[in-house]
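Chains, contacts and geometry: an overview
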Protein chains: 2
Amino acid sequence: MQNLAERMRAEGYRVTPQRMAILRVLLRGAHHPTAEDVYRQVAAQFPMMSLATVYKTLKVLGALGEITVLQMESRKHYDANATPHPHVICIKCHSIVDLPSAAMPELPEQMLAHTGFRILGYNLRVIGLCPKCQKQKQQEASTVNQRKENLE
Amino acid sequence: MQNLAERMRAEGYRVTPQRMAILRVLLRGAHHPTAEDVYRQVAAQFPMMSLATVYKTLKVLGALGEITVLQMESRKHYDANATPHPHVICIKCHSIVDLPSAAMPELPEQMLAHTGFRILGYNLRVIGLCPKCQKQKQQEASTVNQRKENLE
DNA sequence: ATAAATGCAAATGGTTTGCGTATGT
DNA sequence: ACATACGCAAACCATTTGCATTTAT
């Protein structure tokens, strides 16, 4: 928490009460809140907070690698192959490639047991860089570091 | 394709030219089209097609289990735990439970190799029914079958 | 002092819905 | 004949953006 504040400053971000409040909610953890959830919790003790700031801050924290964002893409994709199989998705161009279902690794069942869930299946999304984007990246390799622009 | 037409009728759905056209696009497969993509392809030979119909049809095909829909939820969730770890998600109430990263199974590297992707990581989302929803379902067990309502 | 962050409101973009008309059964 | 599907336009909802104001540095 303190370390993060310093890291933010070091990376050129400002440490504001809003950002700390949002971070505090996230560190309470355990609930995988949506932006809306975070907003409600922060607004309770911080009435001036705006939803836009929550979104902006979440983006910053994501860029800093301090939080995980579940479910990156917003658009749905449809696949005539109805049997579950893993996908490999390019982080840059979002192209999607199928893998055979045989590529599904075994789930470590015992780790799931204590959740009490009845397991129905699973979704494996491998993240990577497609061949085309790898080449592109090499060409850009000599360019300036654009960390902040990477917020996308 | 023919079988599907019959299955649709058997299940009480109508077989329309639009639906067949959409299905044909999906069966061309290989590209994991978005709704928009499907629309464009179908509209090329079927100018009257509407985007709303594409969405409605995709929903029907999904309900029939004939296609896979990638990325079900639209809302993002944030997790203060930045190290990648699998999640168990309830299909009914969408509650999310963390698993320790130790639960990450080994990826079968050789299956990925031929994709040419540079693998950066992966996302494992286990789908199931949480304990609470399991109980609820048992109580509803005696109720009428509501397949079509399950479109959600 | 000044560049960056905030809060507001308007815009965006994918998806859904309501409704009157057309069509498969 | 009649319920279901269609096409259109409007509605929705999460997220983003522009901009004038405030604030951390």
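How each quantity is defined
- Here the residue index of a chain counts from 1 through its sequence in written order.
- To label them, take the chains in the order written and letter them from A, then take the ligands in the order written and number them from 1.
- Local features in this predicted model are restricted to residues of pLDDT 70 or higher, and side-chain atom pairs are both shown and tallied only at a pLDDT of 80 or more, whereas totals for entire chains, interfaces and linings draw on every residue.
- Each side-chain value is worked out from all heavy atoms of the structure, with water and hydrogens disregarded.
- Counting from the N terminus, the helices are DSSP H or I runs at least four residues long and the strands are E runs at least two residues long.
- Buried residues are those whose accessible area, probed at 1.4 Å on protein chains only, stays under 20% of the maximum for their type, while exposed residues exceed 50% and partly exposed ones sit between those limits.
- Two N or O atoms count as a polar contact when they lie within 3.5 Å, although within protein this holds only if one can serve as hydrogen donor and the other as acceptor, and sequence-adjacent residues are included solely when both atoms are side-chain atoms.
- Take the buried Ala, Val, Leu, Ile, Met, Phe, Trp, Tyr and Cys residues and link them wherever side-chain atoms come within 4.5 Å; each set so joined is a nonpolar core.
- Working rule for contacts: check all heavy atoms of both residues, and any pair within 4.5 Å makes them a contact.
- Once two parts are joined, some of their accessible surface, as seen by a 1.4 Å probe, is lost; buried area is that loss totalled over both.
- Any Lys or Arg side-chain nitrogen located within 4 Å of an Asp or Glu carboxyl oxygen qualifies as a salt bridge.
- Ten residues, namely Ala, Val, Leu, Ile, Met, Phe, Trp, Tyr, Cys and Pro, are considered nonpolar, four, namely Asp, Glu, Lys and Arg, are considered charged, and the remaining ones, Gly among them, are considered polar.
- We call two strands paired when DSSP finds no fewer than two bridges between them.
- Every helix has an expected span of 1.5 Å times one less than the residues it contains.
- We place the copies in one frame by least squares, fitting the C-alpha atoms of every residue whose pLDDT is at least 70 in both.
- A score from 0 to 100, pLDDT tells how confident the predictor is in each residue.
- For this description, a residue counts as near a given molecule or strand if any of its non-hydrogen atoms is within 4 Å of it.

1. Concerning the side chain of His85(A)
All names here are of chain A.
- Structurally, the position occupied by His85 is in the loop between β2 (77-79) and β3 (87-90).
- Look at His85 and you get buried, because its relative accessible area is 6%.
- A polar contact is formed between the side chain of His85 and the side chain of His87, at a distance of 3.1 Å.
- A polar contact is formed between the side chain of His85 and the side chain of Asp98, at a distance of 2.7 Å.

2. So, the nonpolar core
- By size, the foremost hydrophobic cluster in this structure holds 28 residues, and its most contacted members are Leu124(A), Val126(A) and Val126(B).
- For this core, the secondary structure elements donating two or more residues are β3 and β5 (118-129) of chain A together with β3 (87-90) and β5 (118-129) of chain B.
- Residues within four places of Val126(B) in sequence aside, it is in contact with Leu107(A), Leu112(A), Ile119(A), Gly121(A), Tyr122(A), His87(B), Val88(B) and Ile89(B).

3. Concerning the interface of chain B and chain A
- Every contact between the two is made by 64 residues of chain B and, on the other side, 65 residues of chain A.
- When the area that chain B buries against chain A is broken down by residue, the three leading residues are His32(B), Tyr78(B) and Phe117(B), summing to 15%.
- In this assembly, chain B and chain A are joined by zero salt bridges.
- Taken together, the connections running from chain B to chain A amount to 26 residue pairs in polar contact (both at pLDDT 80 or more).
- For the side of chain B that touches chain A, the element with the most residues is β5(B), which contributes twelve residues.
- Class assignment for the residues of the side of chain B that touches chain A results in 38 nonpolar, 17 polar and nine charged.
- With three bridges connecting them, β2(A) and strand β1 (residues 68-70) of chain B associate as antiparallel partners.

4. Remarks on helix α4 (residues 51-63) of chain B
- With 13 residues, α4(B) should cover 18 Å at 1.5 Å per step; its first-to-last C-alpha distance of 19 Å lies within 8% of that length.
- Looking one or two places after α4(B), you find Gly65(B), whose phi comes out positive at around 75 degrees.

5. As for the relation of the copies chain B and chain A
- Superposition record for chain B on chain A: RMSD 0.1 Å, screw rotation 180 degrees, translation along axis 0.0 Å. Given the turn and translation reported, the copies of this chain are related as if by a two-fold rotation axis. Closest approach to the rotation axis within chain B is made by the C-alpha atom of Leu124(B), at a distance of 2.4 Å.
- Both copies share a contact surface, since 100% of the interface residues of chain B are interface residues in chain A too.

6. What about the confidence of the model for chain A?
- Confidence in the prediction of chain A, expressed as mean pLDDT, is 85, and 90% of residues score 70 or more.
- Taking the mean pLDDT of every element in chain A, the minimum, 82, falls on helix α6 (residues 131-140) of chain A and the maximum, 95, on helix α4 (residues 51-63) of chain A.

7. Some details on the protein's contact with DNA strand C
- Contacts to DNA strand C come from 23 residues, most closely from Arg14(A), Gln18(A), Arg9(B), Arg14(B) and Tyr55(B).
- The sugar-phosphate portion of DNA strand C accounts for 68% of its atoms within 4 Å of the protein, the bases making up the rest.
- In the model, a base nitrogen of DNA strand C is placed 2.7 Å from a nitrogen or oxygen of the Arg14(A) side chain.
- Between Met48(A) and DNA strand C, the recorded distance is 2.9 Å, taken from a backbone N or O atom to a phosphate oxygen.
- Breaking the surface near DNA strand C down by element, the ones donating at least two residues are α2 (17-28) and α4 of chain A together with α4 of chain B.
- The element contributing the most residues to the surface near DNA strand C is α4(B), with five residues.
- Of the residues in the surface near DNA strand C, the class split is ten nonpolar, four polar and nine charged.

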